[in-house]
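# An overview of the molecular structure
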Amino acid sequence: MPATSLGRDDVVRYLTEQSQRGYQVFQGSQGPHFLVLALTERQRINFVLTAGGCQVQAEEFGQPWSIADVSTSAQLRSAVDGIAQRVLGAGWARSPTSGRLAQDSPASNLATISSLVGTETVQAIFDPYLENRSLAELIKVLSFGRGTVTNGVRVLSTAKTTGQIPTLTKAGFDMWLAQLKITGEIRIMSGSEHRRFMLLSGGQSLLLGLSLNSLHKNEAIRLEPDLEDRAFFDKVWTTATPLA
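Residues numbered from 1 in each chain as written. Predicted model: local features only at pLDDT ≥ 70, side-chain atom pairs only at ≥ 80, totals over all residues. Heavy atoms only, no water.

Following both chains from N to C, one finds helix 3 (residues 106–117) and helix 4 (residues 132–142) inclined at 75°, their axes separated by 8 Å at the closest point. In terms of axis orientation, helix 3 runs roughly perpendicular to helix 4. Between helix 3, through Leu 110, Ile 113, Ser 114 and Val 117, and helix 4, the contact on the second element is made entirely by Glu 137, Lys 140, Val 141 and Leu 142. Grouping the amino acids of the contact of helix 3 with helix 4 by side-chain chemistry returns five nonpolar, one polar and two charged. (Axes fitted to C-alpha atoms, helices over the stretch in contact; angles between N-to-C directions. Helix = DSSP H or I, 4+ residues; strand = E, 2+ residues; numbered from the N terminus. Parallel < 35°, antiparallel > 145°, perpendicular 65-115°, else oblique. Contact = heavy atoms within 4.5 Å. Nonpolar A, V, L, I, M, F, W, Y, C, P; charged D, E, K, R; others polar.)

Written out as structure tokens, the structure is:
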């Protein structure tokens, strides 16, 4: 599984998102490790890629006035938001970290979840009530934005939906992988877990108060650093049984 450290792909995905919002993004003359987000003609943010992270540098007329070392996508967004809001004020929209779903707005629900995934990749799914239709629902979520599912995705569920007439099957999972043109593995864990979350690239965890097979309810969702959830997922993964 990919490491939780911030890599060049994570930074590029974030800058691509800002480019789509209309900001100028380019590679600095210093080389591929030096990327730039132009806020105004005289003020910009430099991204200096380091081993396992990135240094975010605010610059005005060539003079730095703020420097932050970040190692996750959440830290990256927070650092840029802080700098950009000082420069642009209300003209810069802070990256969302939470959202609320509603029973009577299914399309908006999918868009809300997609906005929190952003341009990150889904690396792992933890859902005790996962069904084949849940996997199709995730494709719908991602169609509202630019997020993707990583090659080698890991999925954990329970036997709650694999009974005599199963609603989660290995064949269904394999068809989902084939449609996305990726590889992955699904395992069944023991116990009666109720938490639901997705591990994203860049060191983030998207916490869902509901299952992917039933997204359209009145519920809050939020992003958090993935340290606890990733360690928990890895621990459960080691003892889970592959779905046959």
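Having put the structure on the table, let's press on.
What follows concerns the pairing of strand 7 (residues 121–126). Each regular strand displays side chains that alternate between the two surfaces of the sheet. Of all six residues in strand 7, six are buried; the element is thus mostly enclosed. Bridge count between strand 7 and strand 8 (residues 148–157): five bridges; the pairing is parallel. The partner of Ile 125 across the bridge, within strand 8, is Val 155. Bridge analysis of strand 7 against strand 10 (residues 196–200) gives four bridges, and the strand direction is antiparallel. Bridging across to strand 10, Ala 124 finds its partner in Leu 199. (Buried < 20%, exposed > 50% of the residue type's maximum accessible area, 1.4 Å probe, protein only. Pairing = 2+ DSSP bridges.)

What follows is about the nonpolar core. Within the largest apolar cluster, 32 residues are counted, with the highest numbers of intra-cluster contacts made by Ile 125, Leu 130, Leu 138, Val 149, Trp 176, Met 198 and Leu 206. Once residues within four sequence positions are removed from consideration, Val 149 is found in contact with Val 122, Leu 138, Leu 142, Trp 176, Leu 180 and Ile 182. Judged by nonpolar contacts, the second largest core, of 21 residues, contains Tyr 14, Val 56, Val 70 and Ile 83. (Core = buried A, V, L, I, M, F, W, Y, C linked by side-chain atoms within 4.5 Å.)

This part takes up helix 4. Those residues of helix 4 lying buried are Ser 134, Leu 135, Glu 137, Leu 138, Val 141 and Leu 142. Projected onto a plane normal to the axis of helix 4, the buried residues spread over an arc of 155° and lie on a single side. Close packing links the buried residues of helix 4 with helix 3, strand 7, strand 8, helix 5 (170–180) and strand 10. (Arc of directions from axis to C-beta.)

Despite not being glycine, Phe 61 shows a phi value in the positive range, around 50°. Mapped onto the fold, Phe 61 is located in the loop between strand 4 (53–60) and strand 5 (63–70). By relative accessible area, Phe 61 is classed as exposed at 62%. The backbone phi angle of Lys 181 is positive, close to 60°, even though this residue is not glycine. With respect to the helices and strands, Lys 181 occurs in the loop between helix 5 and strand 9 (184–188).

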